[in-house]
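Summary of structural features
So the chains spell out like this:
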Amino acid sequence: MSADNKIAELLTELHQLIKQTQEERSRSEHNLLNIQKTHERMQTENKTSPYYRTKLRGLYTTAKADAEAECSILRHALDKIAEIKSLLEERRIAAKMAGVYSDSDPPRKTMRRGVLMTLLQQSAMTLPLWIGKPGESPPPLCGATPASGDYVAKQGDKVAARVKAVDGDEQWILAEVVSYNHSTNKYEVDDIDEEGKERHTLSRRRIIPLPQWKANPETDPEALFSKDQLVLALYPQTTCFYRALIHTPPHRPQDDYSVLFEDTSYADGYSPPLNVAQRYVVACKENKKK
């Protein structure tokens, strides 16, 4: 089956799952309304009889089962979305290798700056939120959780890469993985800002994989960088990572980090707070100040 046909099939399945979700929600809303009415009657009569206790126990048991059923469908839908995104990425990489580009994803060297910045913003916004089951810990590459020691980034993955600039200095740039050589333990990556023009061969220690999931501050705060922690963050409207301190971690799933970039032009050595998406904040490998 071709990638296009598979994507169409998955979209049909996703549509059905969304319909099932709405049906489950409508059914659960009726039960929740019964719970509310039962509590109102109890307040009116100002007593909690065995009858009401038994009735509420049954209603809450049903509500829990309804919620679990809806949750199961939503997780199945999220799996379908992840599969669709993976197929789209595979198709994009195959087209790139063949030198074929679409209007929505032109080669970087011909792309206007504003278009590239918009694509990076969209990539950050669509990064999936990790939603674990009760008691389940966030996986590697969720928020601030680092990759496992033997992790190898896949072709097409976005990473922070430490490269030599034209002036000889080293800097961290946003790059895309082209390949990984297991015999030499080295990556080939493209500068995201000059795709196909600036290709670098780098050791694993010069590569930091970007998060693959956003961490939910409300359920998994331990998977986020904490206040005053030293990080590398993508400077707004650029494709370069710079050292920064976490000023304020996200409070809600859709929030960005507020960071203070190292900047000697300010008296205290740091810029005013700037917002950076979770996708573009990684642990700093450089502990000492330059």
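Residues numbered from 1 in each chain as written. Predicted model: local features only at pLDDT ≥ 70, side-chain atom pairs only at ≥ 80, totals over all residues. Heavy atoms only, no water.

1. A word on the overall build of the protein chain
Helices and strands together make up the secondary structure of the protein chain, namely three helices and 10 strands. Here the protein chain has a C-alpha radius of gyration of 24 Å; the compact-globule value for 290 residues is 19 Å, and the former is much larger. For the protein chain, with 290 residues in total, the buried portion stands at 39%. Considering only contacts within the protein chain whose residues lie at least 6 apart along the sequence, 57% involve residues at least 24 apart. Counting only carbon and sulfur atoms, one obtains 53% of the accessible surface of the protein chain, whose full area is about 17,200 Å². Looking at the protein chain, you have 41 positive and 41 negative side-chain charges, and the mean spots of the two groups are 2 Å apart. (Helix = DSSP H or I, 4+ residues; strand = E, 2+ residues; numbered from the N terminus. Rg over C-alpha atoms; globule rule 2.2 N^0.38 Å. Buried < 20%, exposed > 50% of the residue type's maximum accessible area, 1.4 Å probe, protein only. Contact = heavy atoms within 4.5 Å. Areas by Shrake-Rupley, 256 points an atom, 1.4 Å probe, with all protein chains shown as cover. Lys, Arg positive; Asp, Glu negative; His and termini not counted. Charge placed at Lys NZ, Arg CZ, Asp CG, Glu CD.)

2. Structural notes on the side chain of Glu70
Note on placement: Glu70 falls in helix H2 (residues 50-97). In this view, Glu70 contacts Thr21, Glu24, Arg25 and Ser28; residues no more than four positions away in its chain are not counted.

3. Details of the pattern of salt bridges
Scanning all chains against the criterion turns up 15 salt bridges. A salt bridge links Arg252 to Asp255; the shortest N-O distance between them is 3.1 Å. (Salt bridge = Lys/Arg side-chain N within 4 Å of Asp/Glu carboxyl O.)

4. A few points about unusual backbone geometry
Notably, Leu141 is not glycine yet its phi reads approximately 70°, a positive angle. Locating Leu141 in the fold gives a position in the loop between helix H3 (113-125) and strand S1 (158-164). The exposure class of Leu141 is buried, given its relative accessible area of 5%.

5. Topic: the domain arrangement of the protein chain
A common way to express how large an interface is: the accessible area buried when the components associate. Domain annotation for the protein chain reports domain 1 (3-98), domain 2 (157-209) and domain 3 (221-283). Here the C-alpha centroids of domain 1 and domain 2 sit 41 Å apart. (Domains from an automatic or database assignment.)

6. Describing H3
Taking 1.5 Å per residue as the helical rise, H3 with its 13 residues ought to reach 18 Å, and the 19 Å between its terminal C-alpha atoms agrees with that figure. Buried within H3 we find Leu116, Met117, Leu120 and Ala124. Projected down its long axis, H3 shows its buried positions confined to an angular sector of 100°, all on one face. Taken together, the buried residues of H3 touch strand S2 (170-181). (Expected span 1.5 Å × (residues − 1). Arc of directions from axis to C-beta.)

7. As for the UniProt feature "coiled-coil region" (unreviewed entry) in the protein chain
Mapped onto the present numbering, the UniProt feature "coiled-coil region" (unreviewed entry) falls at residues 7-38. Each end of residues 7-38 is marked by a C-alpha atom, and these two atoms are 46 Å apart; helix forms 100% of the span and strand 0%. (UniProt positions renumbered as here; feature names shortened; annotations may be inferred.)

8. So, the environment of Pro250
Tracing the backbone through its elements, the reader meets Pro250 in the loop between strand S7 (240-248) and strand S8 (257-261). Placed 11 residues apart in sequence, Pro250 and Thr239 show a C-alpha to C-alpha distance of 22 Å. Contacts of Pro250, omitting those with residues within four sequence positions, involve Pro217, Leu224, Asp255, Asp256, Tyr257 and Gln278.

9. Details of the environment of Leu10
Inspection of the secondary structure assignment puts Leu10 in helix H1 (residues 3-45). Leu10 sits in the buried class, given a relative accessible area of 1%. A sequence separation of 28 residues divides Leu10 from Thr38, and the C-alpha atoms of the two residues are 42 Å apart.

10. Let's talk about the packing of aromatic side chains
Applying the stated rule across the entire model yields six aromatic pairs. Summarising the aromatic geometry, the rings of Trp130 and Trp213 are spaced 5.9 Å apart at their centres and angled 70° between planes, so their arrangement reads as edge-to-face. Remark: Trp213 occurs in the loop between strand S5 (207-209) and strand S6 (230-234) and Trp130 occurs in the loop between H3 and S1; sequence separation between them is 83 residues. Accessibility expressed as a relative area gives 15% for Trp130, which makes it buried. On the numbers, 4.7 Å between centres and 55° between planes, the contact of Tyr235 with Phe261 is tilted. (Phe/Tyr/Trp six-rings, centres within 6.5 Å; stacked < 30°, edge-to-face > 60°.)

11. A few points about the pairing of S2
As judged from the seven bridges shared by S1 and S2, these two strands associate in the antiparallel manner. Across the sheet, Val163 pairs through a bridge with Gln171, a residue of S2. Between S1 and S2, which pair antiparallel in sequence order, lie five residues; one of them, Gly168, sits at a positive phi of approximately 95°. In this structure, S2 lies alongside S7, joined through two bridges in antiparallel fashion. Among the inter-strand pairings, Trp172 is bridged to a residue of S7, identified as Phe241. As paired strands, S2 and strand S3 (residues 186-191) are joined by six bridges and run antiparallel to one another. Across the sheet, Tyr180 pairs through a bridge with Tyr187, a residue of S3. The turn joining S2 and S3, which pair antiparallel and follow one another in sequence, is formed by four residues; a positive phi near 55° is taken by Asn185. (Pairing = 2+ DSSP bridges.)

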